[in-house]
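# Inside the fold
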Amino acid sequence: MYLEGAYIILGIMILLITLFVTTRKFMSKGSLKKGLFWVFLTISFFIFLHFSITTNRMKEVREAFNNGDVIICESRATRKVAQSVKIQKSNQWTLENDNFKSPNYNRVFFIARCIIY
């Protein structure tokens, strides 16, 4: 739920727009049910697909980190220079819950924003 919260909110907004459009006089009879069904089905499919891909990548990153591989995480603190940080177990990084932490770095990195180098 945490990973897909923004997408669920956007999906609800799209469903509300679909509800508004399909209840207009110029729409054919039955368009409300058809429209809501297909839009809901499409949004649900893509949210589930994104969730599935993200959780699989998180699992792979976790395994790679535990094996000592280098992980690259997005740094949102600086946008112009050094937008990524290399994380490795041998450089005092630890994985607590789903966050990479280091005593040498002032912030944590969420594992979903990381890839294997």
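Let me begin by describing the structure that accompanies this report. (Residues numbered from 1 in each chain as written. Predicted model: local features only at pLDDT ≥ 70, side-chain atom pairs only at ≥ 80, totals over all residues. Heavy atoms only, no water.)

### What to know about the overall build of the chain
Quick reminder of the rule: Helix numbers and strand numbers start at the N terminus; a helix is a DSSP run of H or I with at least 4 residues, a strand a run of E with at least 2. As a reference, a globule follows 2.2 Å times the number of residues to the power 0.38, and the radius of gyration itself is taken over C-alpha atoms. In what follows, a contact means two residues having at least one pair of non-hydrogen atoms within 4.5 Å.
If you tally the helices and strands in the chain, you get 2 helices and 6 strands. Going residue by residue from the N terminus, the α and β elements of the chain occur as α-α-β-β-β-β-β-β. Scaling as 2.2 N^0.38, a compact globule of 117 residues should have a C-alpha radius of gyration of about 13 Å, whereas the chain reaches 20 Å, well beyond that. Taking as baseline every contact in the chain between residues at least 6 positions apart, the subset at least 24 positions apart corresponds to 49%.

### Remarks on the pattern of salt bridges
What counts is decided by this rule: Salt bridges are identified by distance alone: a Lys or Arg side-chain nitrogen within 4 Å of an Asp or Glu carboxyl oxygen. Burial classification: accessible surface area is computed with a 1.4 Å probe over protein chains only, and a residue below 20% of its type maximum counts as buried, one above 50% as exposed, and the rest as partly exposed.
A complete count under the given rule lists 3 salt bridges for this structure. Of the charged contacts, one joins R62 and D98 as a salt bridge, the two residues approaching to 2.4 Å between their closest N and O atoms. On the criterion of sequence distance, the pair formed by R62 in helix α2 (residues 31–66) and D98 in the loop between β3 (94–96) and β4 (99–101) is long-range, its members being 36 residues apart. Of the charged contacts, one joins K101 and E96 as a salt bridge, the two residues approaching to 3.2 Å between their closest N and O atoms. The exposure class of K101 is partly exposed, given its relative accessible area of 32%. Owing to a relative accessible area of 37%, E96 belongs among the partly exposed residues under this scheme.

Remember that the coordinates give geometry; whether it matters functionally is a separate question.
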